[in-house]
Amino acid sequence: MLLVDLTLVSPENGTDSGLIAGAVIAISEDRILWAGPAADLPAAHQHLKKQSLGGRLVTAGLIDCHSHLVYGGDRAREFDMRLNGAGYEEIARAGGGILSSVRATRAASEAELLASALRRADHLIAEGVTTIEIKSGYGLDLETELKMLRVARRIGQERPLRVVTTWLAAHALPPEYADDRDGYIERVVIAGMEAAQAAGLIDAVDGFCEGIAFTAAEMDRIFSHASALGLPVKLHAEQLSDLEGAALAARHGAISADHLEWLNEAGIAAMAASGTVAVLLPGAFYTLRETKLPPIAALRAAGVPMALATDSNPGTSPVTSALITMNMGATLFRMTPTECLAGFTVNAARALGLADRGRIAAGQIADLAVWDISHPAELAYRIGFNPLHSRIFGGKPCPL
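As the structure is a computational prediction, the values presented were derived from the model and not from experiment. (Residues numbered from 1 in each chain as written. Predicted model: local features only at pLDDT ≥ 70, side-chain atom pairs only at ≥ 80, totals over all residues. Heavy atoms only, no water.)

Let's talk about the UniProt feature "binding site: Zn(2+)" (unreviewed entry) in the protein
Move 1: In the UniProt entry, the feature "binding site: Zn(2+)" (unreviewed entry) is given for His66, His68, His236 and Asp311. A maximum C-alpha distance of 12.4 Å places the annotated residues, which cover 246 residues in sequence, within one compact spot.
Move 2: On the secondary structure map, histidine 68 appears in the loop between β6 (62-64) and α1 (76-83).
Move 3: Judged by relative accessible area, which is 2%, histidine 68 ranks as buried.
Move 4: Contact partners of histidine 68, with chain neighbours within four places excluded, come to Lys135, Ser136, Tyr138, Leu168, His171, His236, Asp311, Ser312 and Asn313.
Move 5: Separated by 3.2 Å, the side chains of histidine 68 and aspartate 311 make a polar contact.
Move 6: With respect to the helices and strands, aspartate 311 occurs in the loop between β13 (306-308) and α12 (322-331).
Move 7: On the basis of relative accessible area, aspartate 311 is assigned to the buried category, the value being 2%. (UniProt positions renumbered as here; feature names shortened; annotations may be inferred. Helix = DSSP H or I, 4+ residues; strand = E, 2+ residues; numbered from the N terminus. Buried < 20%, exposed > 50% of the residue type's maximum accessible area, 1.4 Å probe, protein only. Contact = heavy atoms within 4.5 Å. Polar contact = N/O pair within 3.5 Å; in protein donor to acceptor, adjacent residues only side chain to side chain.)

And the structure:
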């Protein structure tokens, strides 16, 4: 077996793959006891039942740390509009964009939302994903936001997939609150946050800090309330312009700031100081045909951890492939294949505030992906080819 140990990779040898040949992973129940070269297997673990993986390559299970997997309808028409020259803001201000998905999501039943989301989840599972973050944000009213989160929790019950949920009512302003921004924040974003937490439906709070969404001052208010409730925060920041959202997120100790195409040096420094993870979303960059690249080299130089995610959503990143996202991270953003894999494992776990997954190490949850490849660079190299052989979920083989 070939094992990928990303703890062996440092900034000085960032192109190194962390590959260990002739490796063994010792597992008990749902946890990893030990991992490393077979010759070094401790005597205490020699008695465990052995199962050969046929020399295949093993990584930690993939983690999609930013997705909008639950929604109604689709926005294929907007794809056509965009190809004919319409921009993101033009589509949004014309009643399309997020609000188009809001109408469809409000109209859909929980059963309908679950059925469509499971189809998308199945694609990700088939590519080695074992944990996924799912946001609300296409309801923009209390009832529908909570409906989305109930569906997200159901996905983790219906499939061998660990689901982390995020409150994203601060995604857009619905038409009924067009003249009452403060009322929306108070009666939907904040009141809903409290209701969702009381119902055990959310693990974190997010928002969209942008000219077509919410200001930094509004997000500051929302984050302050989240912190008072003990909820971690994250932020869609600097996607279309520089509103210094990343620096705001860092001041609140955010676990991640996401998108970041327009991130400035002050924002990078703030993220480095706070330990905030940069979640990069090349699917949205690709779909929107953006030209402003996130500052990858500066993030790397500052030591800011970089995660990758699909941003799976109906409008700006209709992506349900972790592997294609890795390829885009390498080809569009010039990340190394090792950085792309770390972006879907150890750094993705950090972006969700999870210390128990993302690495093959003692004490970690035994979520693993087994690949029919000989080098981890193949995961980012190929396009439209899935080399997954099998998954191990909670220490147990999990048929595809």
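Back to the write-up after that little detour.
Quick word on the sheet that holds strand β1 (residues 2-4)
Move 1: Within the open sheet, the six strands sit side by side as β2-β1-β5-β14-β15-β16. Their pairing is mixed. Bordering the open sheet on either side are β2 (19-20) and β16 (396-398), each of which pairs with just one other strand.
Move 2: Where strand β15 (residues 388-393) and β16 come together, three bridges link them in antiparallel fashion. Bridge pairing links arginine 391 to cysteine 398 in β16. (Pairing = 2+ DSSP bridges.)

Comments concerning helix α6 (residues 181-198)
An α-helix turns once per 3.6 residues; consequently, residues spaced three or four apart project the same way.
Move 1: Across its 18 residues, α6 extends 24 Å between first and last C-alpha, which sits within 8% of the 26 Å expected from 1.5 Å per residue.
Move 2: The sharpest bend along α6 reaches about 30° and sits at glycine 192.
Move 3: Every buried residue of α6 is accounted for by Gly183, Tyr184, Ile185, Val188, Val189, Ile190, Gly192, Met193 and Ala196.
Move 4: If you follow the buried residues of α6, they end up packed against α5 (142-158), β8 (162-170), β9 (204-209) and α7 (216-228).
Move 5: Looking one or two residues past α6, glycine 200 carries a phi angle of roughly 70°, positive in sign. (Expected span 1.5 Å × (residues − 1). Bend = angle between axes of the 7 residues up to and from the residue.)

As for the UniProt feature "binding site: Fe(3+)" (unreviewed entry) in the protein
Move 1: The positions that UniProt labels "binding site: Fe(3+)" (unreviewed entry) are, in the present scheme, His66, His68, His236 and Asp311.
Move 2: Positionally, histidine 66 belongs in the loop between β6 and α1.
Move 3: Judged by relative accessible area, which is 0%, histidine 66 ranks as buried.
Move 4: If sequence neighbours within four positions are ignored, histidine 66 has contacts with Glu133, Lys135, His236, Asp258, Val279, Leu281, Ala309, Thr310, Asp311 and Ser312.
Move 5: Within the local environment of histidine 66, its side chain forms a polar contact with the side chain of histidine 236, the two groups lying 3.3 Å apart.
Move 6: Contacts of aspartate 311, omitting those with residues within four sequence positions, involve Asp64, His66, Ser67, His68, His259, Leu281, Ala284, Thr316 and Ser317.

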